[in-house]
Amino acid sequence: MKIIVCIKQVPERDAQVRIASSGKWIEESDLQYAMNESDAYALEEALQLKEKHGGEVVVLSAGPERAGTTIREALAKGADRAIQVESDTLNQLDALGVAQLLANAAKQESPDLVLTGLQSDDLGYGQTGVIMAEIMGLPHASLILNVEKTDSGITVKRELEEGWFQNIELPLPAVLMIQSGGTKLRYATLMGIKKAKTKELKKLSATELGQPAAPAAALDKITQPQKQKSTQIISGSAKEAAATLVEKLKFEVRVI
Amino acid sequence: MSGVYVVLEDRNGRFGRISFEAIAAANILAAQSGSKPTAIVIGAQTEALAAEAATKNVGKVVRIEHALLSPYTPDGYAAALQQFIAAESPDYIVFPHTYQVRDYAPALAARLGRVLIGDVTQIADGPVFIRSLMQGRLSGSYKSTGGPTLVSVQSGAFRAEDAQSSPAEITTFAPNIEASQIRTKPGEPFRGTAQTVDLGSAPMIVAVGRGIREESNLNLVQDLAASLGAEIAASRPICDNGWLPIERQVGSSGQTVAPKLYVAVGISGAIQHLVGMKGSQCIVAINKDAEAPIFEVADYGIVGDLFEVVPALTEAVKSAKL
Ligand SMILES: Cc1cc2nc3c(=O)[nH]c(=O)nc-3n(C[C@H](O)[C@H](O)[C@H](O)COP(=O)(O)OP(=O)(O)OC[C@H]3O[C@@H](n4cnc5c(N)ncnc54)[C@H](O)[C@@H]3O)c2cc1C
Ligand SMILES: Nc1ncnc2c1ncn2[C@@H]1O[C@H](COP(=O)(O)O)[C@@H](O)[C@H]1O
């Protein structure tokens, strides 16, 4: 099976994100970046399918130069090669625009399976994979935890709300959006990290892939969330704060 | 034609609360033109659903009905709604932000050359659609350029409206769908592992998140839970890692709880976690990041290192009980 895995580089989880002076984006200087969490699960699912059935795992990532470090991380974990759609202006597109770039790059590879993460940890549109499927003319399923290959295609386990699941059969080729937690993530080995340096990383410019659509939904402004509820913040040392909290739990909340 | 439409979603013949919240959001948009939204029910047999929808605060109800619309498939729903939209040219279509909507609405939008403005928490004048960015740490304001505009609303963000007295008019729309258009074959829903803990009835819960860093640190929160006599629960990453069983996961894909006391330790407060616990009577958050969204729903907060605060709290609870 030839599997494409879409991987996005996003600000690291604990990074302090600040709003840029334009008010339309975040301040990117001195931010740390990491692999989007659900994409790591998509990569793991792809690597396990390859280990079982053979084939190739190709990483596809759109982003500026810096995304290269996240791509190398995926190669170090075992992906065979990578394609980077280089663009510094992705944040001017919406999910449809980015999906068009990714779908056009993916089409050139004629994959059997395209995996994306369920949702990006920065913009959180939760759509890119579904839109790619639509552009590529392929069936899709989202919120997928596991993938089994069958004689006629694949059977996937889809998460439903409140602890329910469902199996779905799809023909190949298909596009899946992968939810976290279906498999256990591997770490890159030293050997893997070494090998990653020699693996192919093909760069495509966004302009080569055709002009993406102007945004149907434009991000106009970024702001701090409005505070809704006033939390009583308990200050002091850990010990003092703990003592005060216990007083409150005893005399105000009455649970102790 | 034009106007505001709202797609209602049922599970086993019943609407979820989030569908009524979507009606409220649709009414905000419809009020701009002094009208009421039209509710859409979709399925193979929609008569009873339509009758219920007609008692809600909507101007009309449309039944989009076809044998191939049950069970749900993204291909079936996208094809049916695409035809309906072609016939009616709506300005706005509002959806509840459910897992099902996440699965088909982006495909529908793409067929129309549009995107879904998803998981919206607020609609301001303009209209401007506000949704979370960076896992709830920032808010983004979106404007739609052109139409139709597809919007999905976050669970709990809009107040579900009361019913109206005289039922709305009901019409039917029959889409053309061929079996060959439906490329995926869904199976029956099933439950995960047998539930052996019922967090729903626990009076106190101590929940742990990724701030705990390692599995071997879990004993810190287990000690706190034991001192309080509380059940232990977790955010998704803890269960994803296999550190606690999935039946202890709280949130949209786990359990919904409403204890007297919910202590969130090292949990950031992503919306998918909050929907599972924000109904708790008293919420305590312990987090080193004063900006963490969990403090939005907490009654009491301690901003600090959980590795210092949690052991101190365990001791304080123990001595209070002596
Ligand atoms: C469709 C979907 C369904 C989902 N379902 C669920 C669900 O059911 N339940 C759920 O929980 N999530 C769910 N999620 C995931 C959710 O979006 C978040 O990713 C998750 O809740 C984050 O978990 P967390 O708060 O433990 O981790 P993080 O977001 O990583 O937060 C860790 C927190 O710990 C704090 N911290 C770190 N170190 C310390 C320290 N030493 N002392 C004190 N504080 C510290 C940090 O400041 C941070 O706030 C779902 C996501 C999607 C897309
Ligand atoms: N710039 C990108 N490069 C590679 N993959 C992406 C990019 N943007 C989104 N994706 C993929 O699409 C998924 C969903 O993203 P989103 O629709 O933004 O929530 C992500 O988890 C990635 O797998």
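(A) Quick look at the pairing of strand 16 (residues 261-265) of chain B. All names here are of chain B. Of all five residues in strand 16, five are buried, a share of seventy percent or more. Residue alternation in strand 16 divides its side chains into two sets, L261, V263 and V265 and Y262 and A264, and both sets are buried. Of the pairings in the sheet, the one linking strand 14 (residues 204-208) to strand 16 comprises five bridges and is parallel in character. Across the sheet, residue V208 finds its bridge partner in strand 16, namely V265.

(B) Region of the structure containing the site of ligand 1. In the region of ligand 1, 33 residues are neighbours, and S235, S253, S268, Q272 and N287 of chain B sit closest. Bordering ligand 1 are residues originating from chains A and B. Taking G266 of chain B, its main chain carries an N or O atom lying 3.1 Å from an oxygen atom of ligand 1. Side-chain polar atom of N287 of chain B to an oxygen atom of ligand 1: 2.7 Å apart, as the coordinates give it. Relative to its free-state accessible area of 990 Å², ligand 1 is covered by the protein chains to the extent of 93%. Among the elements of the structure, helix 4 (99-111), helix 6 (236-240), helix 7 (271-274) and helix 8 (306-321) of chain B are those that each provide at least two residues to the shell around ligand 1. Broken down by class, the residue content of the shell around ligand 1 amounts to nine nonpolar, 17 polar and seven charged.

(C) Quick look at the site of ligand 2. Residue and element names in this part refer to chain A. Neighbouring ligand 2 are 22 residues, the closest being D39, G117, S120, G126 and T128. Between ligand 2 and G126 there is a distance of 2.6 Å, counted from an oxygen atom to a backbone nitrogen or oxygen. Of all the secondary structure elements, the ones that give two or more residues to the shell around ligand 2 are helix 1 (37-53), strand 4 (56-63), helix 3 (95-107) and strand 6 (113-117). In terms of residue count, strand 4 provides more of the shell around ligand 2 than any other element does, three residues in total. The class makeup of the residues in the shell around ligand 2 is nine nonpolar, eleven polar and two charged.

(D) View of the sheet that holds strand 18 (residues 300-303) of chain B. The strand order 13(A)-18(B)-17(B)-16(B)-14(B)-15(B) describes an open sheet built from six strands, whose pairing is parallel. Two strands bound the open sheet, and with one partner strand each, they are strand 13 (232-233) of chain A together with strand 15 (231-234) of chain B. Sheet topology places strand 13 of chain A next to strand 18 of chain B; two bridges connect them, and they run parallel. Bridge pairing in strand 18 of chain B links Q232 of chain A to Y300 of chain B. Against the sheet, helix 5 (residues 218-228) of chain B makes contact with strand 14, strand 15 and strand 16 of chain B, and its axis sits at roughly 170° relative to strand 14 of chain B, the strand it touches most. In this fold helix 8 of chain B packs onto strand 16, strand 17 (282-287) and strand 18 of chain B, with an angle of close to 135° to the strand it touches most, strand 17 of chain B.

(E) Structural context of the interface of chain A and chain B. On the side of chain B, 78 residues touch chain A, which itself brings 86 residues to the contact. Around 7,300 Å² of area is buried between chain A and chain B when both sides are counted, 53% of it from carbon and sulfur atoms. If you look at where chain A meets chain B, you find eight salt bridges. A salt bridge links E37 of chain A to R210 of chain B; the nearest nitrogen and oxygen atoms lie 2.8 Å apart.

(F) The pattern of salt bridges, seen in detail. Tallying each qualifying case throughout the model produces 27 salt bridges over all chains. Residue E162 of chain A pairs with R11 of chain B through a salt bridge whose shortest N-O separation is 3.8 Å. Linking E162 of chain A in the loop between strand 8 (154-159) and strand 9 (164-170) with R11 of chain B in strand 2 (residues 10-11), this pair reaches from one chain into another. Residue class for E162 of chain A comes out partly exposed when judged on its relative accessible area of 42%.

(G) Quick look at the pairing of strand 14 of chain B. Residues and elements named next belong to chain B. Within strand 14, five of the five residues are buried, which leaves the element mostly enclosed by the surrounding structure. Burial along strand 14 is two-sided: the residues M204, V206 and V208 and I205 and A207 are all buried. Here strand 14 runs beside strand 15; their pairing, made up of four bridges, is parallel. Looking across to strand 15, one finds that V206 is bridged to I232. Regarding the hand of the β-α-β motif, the stretch spanning strand 14, helix 5 and strand 15 is right-handed.

Quick notes on the rules
- Residues numbered from 1 in each chain as written.
- Chains lettered and ligands numbered in written order.
- Predicted model: local features only at pLDDT ≥ 70, side-chain atom pairs only at ≥ 80, totals over all residues.
- Heavy atoms only, no water.
- Buried < 20%, exposed > 50% of the residue type's maximum accessible area, 1.4 Å probe, protein only.
- Helix = DSSP H or I, 4+ residues; strand = E, 2+ residues; numbered from the N terminus.
- Pairing = 2+ DSSP bridges.
- Near = heavy atom within 4 Å.
- Polar contact = N/O pair within 3.5 Å; in protein donor to acceptor, adjacent residues only side chain to side chain.
- Areas by Shrake-Rupley, 256 points an atom, 1.4 Å probe, with all protein chains shown as cover.
- Nonpolar A, V, L, I, M, F, W, Y, C, P; charged D, E, K, R; others polar.
- Contact = heavy atoms within 4.5 Å.
- Axes fitted to C-alpha atoms, helices over the stretch in contact; angles between N-to-C directions.
- Buried area = accessible area lost by both parts, 1.4 Å probe.
- Salt bridge = Lys/Arg side-chain N within 4 Å of Asp/Glu carboxyl O.
- Right-handed = clockwise from strand over helix to strand, strands pointing away.

By themselves, these observations are geometric and do not establish any function.
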